[in-house]
Amino acid sequence: MITLKSKREISGMAKSGAILAGAHLALRDKIHVGMDTWEIEEIVNQYILDHDATPSEKGFEGYKYATCISINNEVAHATPRKGLKLKNHDIVTVDFCVNWHGYESDSAWTYVVGESTPEIDHLMDVTLKALYLGIDQAQVGNRLGDIGFAIQDYVENENHMGDVRDLIGHGIGPTMHEEPNVFHYGVPHKGLRLKAGMVITIEPMVNAGGDWEIKTEIVPETGWEYYVSGDGSLSVQYEHTLAITNDGPKILTSQDPVMDAKYLWQD
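Here is what the cut-offs are and how they apply
Residues numbered from 1 in each chain as written. Predicted model: local features only at pLDDT ≥ 70, side-chain atom pairs only at ≥ 80, totals over all residues. Heavy atoms only, no water. UniProt positions renumbered as here; feature names shortened; annotations may be inferred. Core = buried A, V, L, I, M, F, W, Y, C linked by side-chain atoms within 4.5 Å. Buried < 20%, exposed > 50% of the residue type's maximum accessible area, 1.4 Å probe, protein only. Helix = DSSP H or I, 4+ residues; strand = E, 2+ residues; numbered from the N terminus. Contact = heavy atoms within 4.5 Å. Axes fitted to C-alpha atoms, helices over the stretch in contact; angles between N-to-C directions. Left-handed = near helix turned anticlockwise from the far one by under 90°. Nonpolar A, V, L, I, M, F, W, Y, C, P; charged D, E, K, R; others polar. Salt bridge = Lys/Arg side-chain N within 4 Å of Asp/Glu carboxyl O.

For the chain, an unreviewed UniProt entry supplies the name Methionine aminopeptidase and the organism Weissella hellenica. A UniProt comment under Subunit (unreviewed entry) is attached to the chain, and it reads "Monomer."

Peer 1: Quick question: what am I supposed to make of the nonpolar core here?
Peer 2: Generally speaking, nonpolar side chains in soluble globular proteins are found buried as a group. Core analysis: the largest hydrophobic core is formed by 50 residues, its most contacted members being Ile-40, Ile-147 and Ile-202. For this core, the element with the highest residue contribution is helix H3 (residues 118-136), accounting for eight residues. Apart from residues no more than four positions distant in its own chain, Ile-202 is found in contact with Leu-131, Gly-134, Ile-135, Ile-147, Ile-151, Val-182, His-184, Tyr-238, Glu-239, His-240 and Leu-242. Met-13, Ala-14, Val-199 and Ala-243 belong to the second-largest nonpolar core, a separate cluster that totals nine residues.

Peer 1: Where do I start with the packing of helix H1 (residues 7-28) against helix H2 (residues 37-50) in this structure?
Peer 2: A pair of packed helices is characterised by two quantities: the angle between their axes and the separation of those axes. As a packed pair, H1 and H2 sit with axes 9 Å apart at the nearest point and diverge in direction by 145°. Of the two elements, H1 crosses H2, and the hand of that crossing is right-handed. Counted together, Ile-19, Gly-22, Ala-23, Ala-26 and Leu-27 of H1 and Ile-40, Ile-43, Val-44, Tyr-47 and Ile-48 of H2 form the full contact between these two elements. Tallied by class, the residues present in the contact of H1 with H2 amount to nine nonpolar, one polar and no charged.

Peer 1: Would you mind going over the pattern of salt bridges with me for this structure?
Peer 2: Scanning the entire structure with this criterion turns up six salt bridges. One salt bridge connects Arg-165 with Glu-156, and the closest N-O pair in it is separated by 3.0 Å. On the basis of relative accessibility, which here comes to 22%, the residue Arg-165 falls in the partly exposed class. Judged by relative accessible area, Glu-156 falls into the buried class, the value being 17%.

Here you go:
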């Protein structure tokens, strides 16, 4: 069942999203060569707790951590791992959810460790633009296929990269994962019609090598399953939580009020 959120509910989710965005901003200047991924987990977990909220992923379906931390060819759902040190040129995707007084938000962001490369810059630019092309299609009266097609066309046809298909966005609030499923590929004018009050995540994952397929790997210490690119190439993800309104899509997890000016939620 798809629930339509009231203005009060969206405002609460925006407050949750602001905490989540603040945690990402806190990471920006802290990620460095030699950093242990467990330190990222601790920074995010403490930031959330310090802001009167809770990390939603802890305890969800047996998961033990506040964050998912995926490195280089890891696409999604990898865990923080004590003793795993970040190296120069690594790319790190940090994905987590926040619950503030019952209001959920979800966002992933990718960071470069140390120095970047032209390949990394291009992959990150394509993925971030794909996210915003999808957001631009999240309009009342459009369909889910419009979001998916905008992302797929840009990633695959214009940039010849792999648009991951097996992992998707979703509805959110009051629980982390709700209907509808939000695919990052699709056919224009097909699929569920979007209505004001829907709150969804859009979270494209892009593999640099051109192959959209992924493989399952296992963290040896815990047996936790996560995903890597099928061709071994670098993978990047960006994700926002957004509300669909009569005034257009409103990003609830914005980190940049200048860049996102037209997408900001107003109480």
